[in-house]
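A closer look at the structure
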Amino acid sequence: MQQAIHHFQIMSQPVHCRSFGHGNINYTFQITTDNGKQYILQRINTHVFKNPVQLMQNVIAVTQHIRRKVDDPNRVLNFVPALDGSYYYRDERRRYWRCYEFVGGFCLEAPESDADFYESAVAFGRFQEQLSDFPAETLFETIPNFHNTPDRYRQLHIAMDEDACDRLQYVQREIDFIMEREQEAGTIQRMLESGELPLRVTHNDTKLNNVLLDMKTRKALCVLDLDTVMPGSSLFDFGDSIRFGAATAPEDVQELSRMSLDLHRFEVYTKGYLDGCHSLTKREIELLPLGAKIITLELAVRFLTDYLESDHYFKTQYSDHNLVRTRAQLRLVQDMEAKWNQMQKIIENYVEN
Ligand code: GN1
Ligand code: MG
């Protein structure tokens, strides 16, 4: 049993603990107590999130904001205070923990039906809508420049120059592919800076497995993993869901021929996202396909950087895991390029003239 659970204000006795979910960053446990109530206990990865106290202030502010707008209290995460009343517990090894009520439900690694994917789209769209009046200036940047794509390229260039573990020799093809697209990859960031695209409060990690679905109805209950809620672009929130959930294979598939973009799922998600969120500008909607392509490319850049820097950021299961992930993402980018006109056509139906 993780001892940290005893430092939170739960009224019953913990009796069972198991590892939970497939997150690449934090350490997550599901706790059951003697009266059947369940909790999620998470250890925050402070290598990634340097300021967990500010992070929890963000998360609490965002969940409180959403709570005021929903009828059902289970439609938003409900964090449990620690014994001292704050929303985190720091243990004697200076590790930070937090806890929230687990009301049941499940997460998917891939949609099992169009309906599942549509549900997740509505949930992320609604999340965007609920935060459209959140005061962005009160949020801390939990990871500065998180989706600043040119900055991600800059970090890759540094990792290439340093080549800390002599891996550059294995990745020339991947580097070539990535560098050919460097100019285009910066377009969204530049449009945010020029004001052509609005800066919004966004989730920034909109993978399907960050949505909790109801066991019986399979309807979306709530959005999880709020650590990266920060000012950002709706294009990346949309795009990251496409990257993960409209792909025909897992993000770390080895057999590259299995990886492609499912255009039908792309359309299903577009419909759901725009059903949930009505505040996007015409320009944002037009550029949604670009969001999908650039976020996929950006993640490839991040995986490759981590590979060159000897895998200190993402959890890995085997030695070339980050390289495998890079290749899978690049294959997806390539397939999006092949299907570019079709993606545009689908979006055209949703742009109001
Ligand atoms: C990480 O923690 P998780 O698995 O939800 C990462 C995302 C990546 C994702 C790729 C804080 O998300 O940015 O897109 O892995 N989160 C952070 O699977 O870096
Ligand atoms: Mg997650």
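What about the overall build of the chain?
- Helix and strand counts for the chain come out as 12 helices and nine strands.
- Relative to the globule expectation of 20 Å for 353 residues, the C-alpha radius of gyration of the chain, 20 Å, shows essentially globular dimensions.
- The principal-axis extents of the C-alpha atoms in the chain amount to approximately 55 × 50 × 40 Å.
- Relative to its full complement of 353 residues, the chain shows a buried share of 56%.

Overview of the site of ligand 1
- N24, K207, E251, R302 and Y313 are the nearest of the 17 residues found near ligand 1.
- Contacts to ligand 1 include R302, whose side-chain N or O atom sits 2.8 Å from an oxygen atom.
- Burial of ligand 1 by the protein amounts to 97% of the accessible area it has alone, namely 440 Å².
- Looking at the shell around ligand 1 residue by residue, the classes come out as seven nonpolar, four polar and six charged.
- Here the shell around ligand 1 spans two domains, and each of domain 1 (2–101) and domain 2 (114–352) adds at least three residues to it.

Here's the deal with the domain arrangement of the chain
- Domains assigned within the chain are domain 1 (2–101) and domain 2 (114–352).
- Computed over C-alpha atoms, the centres of domain 1 and domain 2 are 26 Å apart.
- Taken together, the contact pairs 27 residues of domain 1 with 28 residues of domain 2.
- Approximately 2,500 Å² of surface area, both sides summed, lies buried where domain 1 meets domain 2, with 59% of it carried by carbon and sulfur atoms.
- The largest contributions to the domain 1 side of the interface with domain 2 come from N24, N58 and R75, which together make up 25% of the buried area.
- Put simply, domain 1 and domain 2 have two salt bridges between them.
- Here R98 makes a salt bridge to D227, at a shortest N to O gap of 2.9 Å.

A look at helix α6 (residues 187–194)
- For α6, the full list of buried residues reads I188, Q189, M191 and L192. An end-on view of α6 places all buried positions within 165° of arc, on one side of the element. Away from its buried face by more than 90 degrees, α6 exposes E193 and S194.
- On its buried face, α6 is in contact with α3 (149–162), α7 (234–245), α9 (282–286) and α10 (288–308).
- A positive backbone phi angle near 90° is found at G195, which sits one or two residues after α6.

Regarding the coordination of the magnesium ion (ligand 2)
- N210 (OD1) and D225 (OD) make up the full set of protein donors to the magnesium ion (ligand 2), lying at 2.2 Å. Residue N210 is located in the loop between β6 (200–202) and β7 (211–213), and its partner D225 is located in the loop between β8 (220–223) and β9 (230–232); the two are separated by 15 residues in the primary sequence.
- Owing to a relative accessible area of 26%, D225 belongs among the partly exposed residues under this scheme.

Quick notes on the packing of α6 against α10
- Axis separation between α6 and α10 bottoms out at 10 Å; the angle between their running directions is 120°. With respect to each other, α6 and α10 are oriented oblique. On α10, the residues that touch T187, I188 and M191 of α6 are L290, G291 and I294.
- In the contact of α6 with α10, the residues fall into four nonpolar, two polar and no charged.

What about the packing of aromatic side chains?
- Per the stated rule, a full pass over the model turns up 11 aromatic pairs.
- With 5.0 Å between their ring centres and 45° between their planes, F117 and Y269 make a pair best called tilted. Of this pair, F117 sits in helix α2 (residues 114–130) while Y269 sits in helix α8 (residues 263–276), placing them 152 residues apart in sequence.
- In this structure Y269 comes out as buried when scored by relative accessible area, which is 0%.

Focus: the environment of F303
- By secondary structure assignment, the location of F303 is in helix α10.
- For F303, a relative accessible area of 1% corresponds to the buried category.
- In this structure, the C-alpha to C-alpha distance between F303 and F314, residues 11 residues apart in sequence, is 7.8 Å.
- The contact partners of F303, leaving out residues within four places of it in the chain, are E251, F314, N322, R325, T326 and Q329.

Considerations on the pattern of salt bridges
- This structure, assessed with the given rule, holds 23 salt bridges.
- Residue K271 is joined to D275 by a salt bridge in which the shortest nitrogen-to-oxygen separation is 2.9 Å. With K271 and D275 both in helix α8, this residue pair falls four residues apart, about one helical turn.
- What emerges from the salt-bridge pattern is a single network uniting E180, R181, E184, K293 and E337.

Examining the sheet that holds strand β1 (residues 14–19)
- An order of β1-β2-β3-β5-β4 is seen for the five strands of this open sheet, with the pairing classed as antiparallel. Whereas interior strands pair on both sides, the edge strands pair on one side only; in this sheet they are β1 and β4 (89–90).
- In terms of strand pairing, β4 meets strand β5 (residues 96–102) through two bridges, oriented antiparallel. By the bridge assignment, R90 is partnered in β5 with Y96.

Some details on the environment of N45
- Residue placement: N45 occurs in the loop between β3 (38–43) and α1 (52–67).
- Sequence separation between N45 and N26 is 19 residues; the distance between their C-alpha atoms is 5.1 Å.
- Each residue touching N45, except ones within four places of it in the same chain, is listed here: I25, N26 and Y27.
- Among the polar contacts made by the side chain of N45, one reaches the main-chain carbonyl oxygen of I25 at a distance of 3.1 Å.
- Within the structure, N45 has its side chain in polar contact with the backbone nitrogen of V48 (distance 3.1 Å).

Quick notes on the rules
Residues numbered from 1 in each chain as written. Chains lettered and ligands numbered in written order. Predicted model: local features only at pLDDT ≥ 70, side-chain atom pairs only at ≥ 80, totals over all residues. Heavy atoms only, no water. Helix = DSSP H or I, 4+ residues; strand = E, 2+ residues; numbered from the N terminus. Rg over C-alpha atoms; globule rule 2.2 N^0.38 Å. Buried < 20%, exposed > 50% of the residue type's maximum accessible area, 1.4 Å probe, protein only. Near = heavy atom within 4 Å. Polar contact = N/O pair within 3.5 Å; in protein donor to acceptor, adjacent residues only side chain to side chain. Areas by Shrake-Rupley, 256 points an atom, 1.4 Å probe, with all protein chains shown as cover. Nonpolar A, V, L, I, M, F, W, Y, C, P; charged D, E, K, R; others polar. Domains from an automatic or database assignment. Contact = heavy atoms within 4.5 Å. Buried area = accessible area lost by both parts, 1.4 Å probe. Salt bridge = Lys/Arg side-chain N within 4 Å of Asp/Glu carboxyl O. Arc of directions from axis to C-beta. Donors = N, O, S within 2.8 Å, 3.2 Å for Na, K, Ca; no water. Axes fitted to C-alpha atoms, helices over the stretch in contact; angles between N-to-C directions. Parallel < 35°, antiparallel > 145°, perpendicular 65-115°, else oblique. Phe/Tyr/Trp six-rings, centres within 6.5 Å; stacked < 30°, edge-to-face > 60°. Pairing = 2+ DSSP bridges.

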